[in-house]
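Chain and residue survey
Chain by chain, the residues run as shown.
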Amino acid sequence: MPGGVPEARHRVQEAMRAWGEPAERIEAAALIVTELVTNAVQHTSTRRIRCRLLRSADGVRICVWNRGRARIPSPASPGDSAGLPVAAATDGHEDGDTLDHLAEDGRGLLLVDALAARWGTRAALAGRLVWADL
């Protein structure tokens, strides 16, 4: 399933190039789809993940759907280590100067939050949809 992440990124880049989207929007979309598909792979027990790219007059929407209903990590509050979620320090450093003490869950969504005009998630009996607008 990890092979699905680069495939999704490549397909998004191809579609957006074909649509004539600017390079910076293509790069943002590639980063966003990488994070959303990675989250879907990590937080679901199913192999069925769908990625859909929708273009409208308002912009581009990236949708990632999976059958699982596991909790999606949330971005941390801005007060936690420059907005990154903090985990217990395990590297023996107590000064907080290393990045080793940062939790992994939620960091990718901070990137999505920074790059997308807006994003969200919906859970239903059939699965979970996470979307981001550019």
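What this report covers is the structure whose coordinates are included nearby. The structure presented is a predicted model; accordingly, all values stated were derived computationally and were not measured.

Here is what the cut-offs are and how they apply
Residues numbered from 1 in each chain as written. Predicted model: local features only at pLDDT ≥ 70, side-chain atom pairs only at ≥ 80, totals over all residues. Heavy atoms only, no water. Pairing = 2+ DSSP bridges. Helix = DSSP H or I, 4+ residues; strand = E, 2+ residues; numbered from the N terminus. Axes fitted to C-alpha atoms, helices over the stretch in contact; angles between N-to-C directions. Contact = heavy atoms within 4.5 Å.

**Here we look at the sheet that holds strand β2 (residues 59-66)**
- Here we have four strands laid out as an open sheet, ordered β1-β2-β4-β3, and antiparallel in their pairing. Two strands bound the open sheet, and with one partner strand each, they are β1 (49-56) and β3 (118-124). Each strand axis lies, on average, 15 degrees off the axis of its neighbour in the sheet, ignoring direction.
- Where β2 meets strand β4 (residues 127-133), six bridges bridge the pair, whose relative direction is antiparallel. Across the sheet, the residue bridging to Arg61 is Asp133, located in β4.
- Across the sheet, helix α2 (residues 23-42) lies against β1, β2 and β4, angled at about 15 degrees from β2, the strand it touches most.

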